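Coordinate analysis (summary)
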Amino acid sequence: MSIYELKPRFQALLRPLVQRLHAMGVTANQVTVAACAISVALGLWLFFASPGAAAFALIPLWMFLRMAFNAIDGMLAREHGQQSALGAFLNELTDVLSDAALYLPFALVAPFSPFWVGTVIVLAGLSEFTGALGPTVGASRRYDGPMGKSDRAFVFGALGLYIALGGPLPVWSAVLMPLMAALIAWTIVNRIRRALVEARATTRP
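Quick caveat: nothing in here was measured; it's all calculated off a predicted structure.

Observations regarding a nonpolar patch on the surface
A cluster of nonpolar side chains, Trp45, Leu58, Leu61, Phe64, Leu65 and Met67, forms an exposed patch at the surface whose accessible area comes to about 540 Å². A per-element tally of the nonpolar patch places helix 3 (residues 58–79) first, with 5 residues. As for its position among the elements, Phe64 is in helix 3. The exposure class of Phe64 is partly exposed, given its relative accessible area of 48%.

Considering the confidence of the model for the protein
Of all residues in the protein, 96% attain a pLDDT of 70 or more, and the chain-wide mean is 92. Here helix 1 (residues 7–23) is the element of the protein with the lowest mean pLDDT, 84, and helix 5 (residues 114–132) is the one with the highest, 97.

Brief notes about the pattern of salt bridges
For the structure on display, the rule yields 12 salt bridges. The residue Asp99 makes a salt bridge to Arg152 at a minimum N-O spacing of 2.9 Å. One end of the pair, Asp99, is in helix 4 (residues 85–103); the other, Arg152, is in helix 6 (residues 149–164), and 53 residues separate them in sequence. What makes Asp99 buried here is its relative accessible area of 3%. Its salt-bridge partner being Arg191, residue Glu128 comes within 3.4 Å of it at the nearest N-O pair. Here Glu128 is found in helix 5, whereas its partner Arg191 is found in helix 7 (residues 176–203), with 63 residues between them in sequence. Take Arg191: its relative accessible area is 1%, and that puts it in the buried class.

A few points about the nonpolar core
In this structure, Phe106, Phe112, Val120, Phe156 and Met177 are the most contacted members of the largest nonpolar core, which totals 30 residues. Counting residues per element, the ones that place at least two in this core are helix 2 (28–49), helix 3, helix 4, helix 5, helix 6 and helix 7. Among all residues touching Val120, those that are not within four sequence positions of it are Tyr103, Phe156, Met177, Met180, Ala181 and Ile184. Core analysis: the next-biggest nonpolar cluster, separate from the first, contains 12 residues, Leu14, Val18, Ala68 and Ala77 among them.

Comments concerning the environment of Ala110
Mapped onto the elements, Ala110 comes out in the loop between helix 4 and helix 5. Counting along the chain gives 63 residues from Ala110 to Ser173, while the straight-line C-alpha distance between them is 9.1 Å.

Remarks on the packing of aromatic side chains
In this structure the tally under the stated criterion is 6 aromatic pairs. A centroid spacing of 5.4 Å and a plane angle of 75° characterise the contact between Phe56 and Phe106, whose relative ring orientation is edge-to-face. One end of the pair, Phe56, is in the loop between helix 2 and helix 3; the other, Phe106, is in the loop between helix 4 and helix 5, with 50 residues separating them in the sequence. When sorted by exposure, Phe56 lands in the same class as Phe106, which is buried. Aromatic side chains Trp62 and Phe69 sit 5.3 Å apart centroid to centroid with 65° between the ring planes, which places their arrangement in the edge-to-face category. In this structure Trp62 comes out as buried when scored by relative accessible area, which is 6%. Given the relative accessible area of 25%, Phe69 is considered partly exposed. Here the aromatic cluster, defined as three or more aromatic residues joined through ring pairs, consists of Phe56, Tyr103, Phe106 and Phe156.

Cut-offs and rules
- Residues numbered from 1 in each chain as written.
- Predicted model: local features only at pLDDT ≥ 70, side-chain atom pairs only at ≥ 80, totals over all residues.
- Heavy atoms only, no water.
- Patch = residues over 30% accessible without salt bridge, like charges linked within 9 Å, V, L, I, M, F, W, Y side chains within 5 Å.
- Areas by Shrake-Rupley, 256 points an atom, 1.4 Å probe, with all protein chains shown as cover.
- Salt bridge = Lys/Arg side-chain N within 4 Å of Asp/Glu carboxyl O.
- Helix = DSSP H or I, 4+ residues; strand = E, 2+ residues; numbered from the N terminus.
- Buried < 20%, exposed > 50% of the residue type's maximum accessible area, 1.4 Å probe, protein only.
- pLDDT = per-residue confidence, 0-100.
- Core = buried A, V, L, I, M, F, W, Y, C linked by side-chain atoms within 4.5 Å.
- Contact = heavy atoms within 4.5 Å.
- Phe/Tyr/Trp six-rings, centres within 6.5 Å; stacked < 30°, edge-to-face > 60°.

Now the structure itself:
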């Protein structure tokens, strides 16, 4: 079970807004690039400017808004005839770049290890790459959990909110990043395994 499976309900709530954006001439690629630009700007600002713990409240706020941006660009593409080869590249690449930027500030938060935060960033990128490879073996784009993009957004959003509220993280929370890394590695294995099962099923006579 992954938070991603709740996406259809979220999309239904956003559909009236998507229709208005389409009428205004907004394109899916514009939404995709805007979401990435905001994500990178926020992540780098938190990392380099070190504005204080309260600023981490922007992480959960933006994680939620970014989820809406991601749903909107997909709906504009699918439901309003805006699918394109460029959009396919942008959709995958900007997600990985955005995630890396938004996770980066947590490397400065005790007791998290910069090594493990970096490991989570690398594995998160690999998990999305793995999912995107599904069509190359005759399967669909894989979004299997247990630690997909939406699940990671929930975890980092919750951590950002906790930090912003001023509560120092307990020493034991150092294990959270290794645990996330393990769950993302499991996600990668799941996506490979289920893509292969799907591919074999579609090739059977």
